[in-house]
Structure formats: structure tokens, C-alpha cells
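What the coordinates show
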Amino acid sequence: MNKTIIITGGAGFIGSHVVRLFVTKYPDYKIINLDALTYAGNLENLKDIEKSGNYYFEKVNILDVEKLDKIFQNNKPDGIIHLAAESHVDRSILSPIDFVYTNVVGTVNLLNAAKKLWNGSYEGKRFYHVSTDEVFGALGETGFFTEETKYDPHSPYSASKASSDHFVRAYHDTYGLPVVISNCSNNYGPNHFPEKLIPLFINNCIMKKPLPVYGDGLYTRDWLFVKDHATAIDIAFHQGKTGETYAIGGFNEWKNIDLVKLLCKLMDEKLGNAPGTSDKLITYIKDRPGHDRRYAIDATKINKELGWKPSVTFEEGLSITIDWYLQNSDWLKHLTSGEYQNYYSEQYGS
Ligand code: NAD
Ligand code: TYD
């Protein structure tokens, strides 16, 4: 095997697309998916590649230092691509401490495991940390986040991600650990857990349940198709410069309500509903506390330096995404029972 790479959080939404890309594109790499399988981790996401000879799964919590050390010492990874995290803002408002443990302490545990294994010999080694644009806080009507934007997190989620980014940079500056960080905008696509805006609303359109829009619905997000994020990670992991940060985004800003209306139109077409059927489900509800008004990324650096750009338009990506959910109703059914129902009632009251 040419390289051994540990991908953390590989059973989650983005991680599963990264694992699939690496397992299929690099048959000479040994890919180890390290994941605790929390509510958001689902091995069904990887059914199509789980029998590949270069794919391995380890059920490990990144809070378990002993197990982490054992896996690092036994496999001697050349690279870590770190995606394991608690990732949902609304859950972070309900229970911030889980975010501190996994996102902050878990990241430091991984940094320590890599530092111990590599022991100052960093040739051919890389610790790639996947972060979010939410660490930069909120934009006004104009302007963009870049690699130079000052951190200003507002939610417990973004505060925990910001903290983990600072630790990753500190391990580079203090111990020379060969790190790369990317901060990406909102992703969407197949295998997205139905607590986030797009998959939640697709599911609710199918179930004819209310579409709960927070506040005035005029919050703006920059949406990127998940496979384009996976491609960006591949490129920045292999070609990015050590110690650098790359901002990744879709050049694709949408106000929530406009996005929801487009989604409703596509859902009605695909479900064979009369036009306007899903729009009637739109329900404005109490705003999310600390809700950031606008996120938008200027992804010029990764475009110019590494040649990356998104491959699909939003309408194409959304259409692929909706088709996937309609064709994978069992995947949705398996997730929308038990723990999901408890969270749903706590968050939305029904
Ligand atoms: P997700 O919630 O779908 O998946 C997270 C995965 O991490 C799950 O498989 C879960 O089982 C695993 N995990 C959680 N806690 C763990 C622990 N203690 N030990 C080991 N595994 C654990 O998340 P996602 O949306 O795929 O996000 C992946 C990464 O990308 C996160 O770091 C997130 O901050 C970042 N990110 C996400 C987005 C987005 O729009 N979803 C955008 C930018 C950056
Ligand atoms: P989300 O998918 O949770 O991503 P993030 O908060 O990380 O950007 O939310 C995207 C936007 O949609 C955000 O402005 C909050 C809003 N939103 C709703 O209006 N209703 C909902 O039920 C959810 C989950 C999100």
C-alpha cells in the first residue's frame, strides 16, 4: 500500500463521500474509516464500497485516547483527514458540552496521537482538519469570508469548531505538525441527516409536514454540493501547502426562503403534486438564538492556487439530491425513528 490514511467521521454525511472518493480513486491507499457511529454515523452510507480491499472500518470514539493510540501505532498512518464532529447548530444550543468534548477534546486527542506517532519526522505526513465557515461569524449584506477573516463564532457549535481550528494551528506553530485546514460553507447532497435544512424539508415535503422556517427566513447561506467538497478536500490534502488554510464555497448564496420555495417547486414536480402544494407547508417559527445573518465564502485562493471549482449548478445538485432521497426512502425511514423523534419533539414541539 502506497499510503495509509485515517478518515475520522467517515460514516457521516461529508465523511462518507470523502471515504468513497478516496477508496475508489486511490486503490493503492489503505483507507481506515474511524467513527464512533453516533446518531449521525451510518454505515449504510458506505454499503457500495465496504467490500473494497483497501477499505477498513474501526468503531472508535475520538475521546478514547488508548484506542486511538493503538490504532495509530498499529497502522502508522501517513495522513489524517479529520471530519468527526458534532455538527448541528440546534443540537449545540440544546447541549453545548457534547460539542466541547468531541470537537475540541477529540481534535486535541487526534493531534496528540499524530504527534506521538510521527515524533518529529514529518516527511510525507499530513494532518488535514475539516472546518466550517461558521467560525467567522456573520456577514452583513455585502462582503465575503476569506482565509484572512478574523474568527467571531456565535453558536456553541461554531465556538467549538473555532477552538479546534486554533488547536490545529497551535500544533503546527508549536510542534511543527504538518497541518492543513479548510473552512467550507454549507454542504448539501445525498446521505445528509434529516435534521439540517435541505434534507429535513425534503422529508417533510414527502410526509406533508410543516416546513419550519426560522425567523423572517431572510438568512443567507452559501451552498455547496457535497461531492464538490469531497473533491476540494482531495485536492487540498494532496496539493495544499503545509500550515495553510483554504476557504471552500459554492459561489452560491441563497436566502433561506428563496431556497425553500425552489425546493418546494422541485418537490411538487417530482412528487406529481399540483404547483403550490408544498409552499402551503411553509410555517414561520421562532428564530434560532444567536442566528448568523449571512455566510458567503470567497473561494478564490483554492481556485487560483489549486485549480478547484464546483462542478454542478445548484439546480442540478438539488435535483440529484431530491432524486436520491426519493429513491432511498428506506435510508430515511431507518433514521427518522427513535432518537430522531425525541430530538424533533424537543426542537419543533411536535
Ligand atoms: P455528520 O454529523 O453528518 O457526521 C459526523 C460523523 O462524526 C458521524 O459519522 C459521527 O458518528 C462521527 N462522530 C461524532 N462524534 C464522534 C466521536 N466522538 N468519535 C468518533 N466519531 C464521531 O457531520 P458532517 O455534516 O458530515 O460534517 C463533517 C465535518 O465537516 C464536521 O467536522 C463539520 O464541522 C464539517 N463541516 C460540515 C459542513 C456541513 O454543511 N455539513 C460544512 C462545513 C464543514
Ligand atoms: P442548517 O442546515 O442547520 O445549517 P447551519 O445552521 O449550519 O447553516 O440551517 C441552514 C439555515 O436554515 C440556517 O439559516 C437555519 C435555517 N433553518 C430553518 O429555517 N429551519 C430549520 O428547521 C433548520 C434546521 C434550519
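Report follows, based on the coordinates. (Residues numbered from 1 in each chain as written. Chains lettered and ligands numbered in written order. Predicted model: local features only at pLDDT ≥ 70, side-chain atom pairs only at ≥ 80, totals over all residues. Heavy atoms only, no water.)

As a further point, take the overall build of the chain. Counting secondary structure elements, the chain contains twelve helices and twelve strands. Expected size for 350 residues packed as a compact globule is a radius of gyration near 20 Å; at 20 Å, the chain falls within 12% of this value. Each of the three principal axes of the chain carries a C-alpha extent, and together these read 60 × 45 × 40 Å. Burial statistics for the chain: of 350 residues in total, 56% are counted as buried. When contacts within the chain are restricted to residue pairs at least 6 apart in sequence, those whose partners lie at least 24 apart make up 83%. With the model as given, the accessible surface of the chain reaches about 14,600 Å², and the carbon-plus-sulfur share is 52%. Of the charged side chains in the chain, 37 are positive and 43 negative; the average position of the first set lies 3 Å away from that of the second. (Helix = DSSP H or I, 4+ residues; strand = E, 2+ residues; numbered from the N terminus. Rg over C-alpha atoms; globule rule 2.2 N^0.38 Å. Buried < 20%, exposed > 50% of the residue type's maximum accessible area, 1.4 Å probe, protein only. Contact = heavy atoms within 4.5 Å. Areas by Shrake-Rupley, 256 points an atom, 1.4 Å probe, with all protein chains shown as cover. Lys, Arg positive; Asp, Glu negative; His and termini not counted. Charge placed at Lys NZ, Arg CZ, Asp CG, Glu CD.)

Further remarks concern the nonpolar core. I7, F22, I81, Y128 and I302 are the most contacted members of the largest nonpolar core, which has 43 residues in total. Those elements that place two or more of their residues in this core are strand 1 (3-8), helix 1 (13-25), strand 2 (29-35), strand 5 (126-132), strand 6 (179-184), helix 7 (226-239), strand 10 (245-248) and helix 9 (300-306). Sorting elements by how many residues they give to this core places helix 7 first, with seven residues. Residues Y39, F193, L200 and Y340 belong to the second largest nonpolar core, which totals 34 residues. (Core = buried A, V, L, I, M, F, W, Y, C linked by side-chain atoms within 4.5 Å.)

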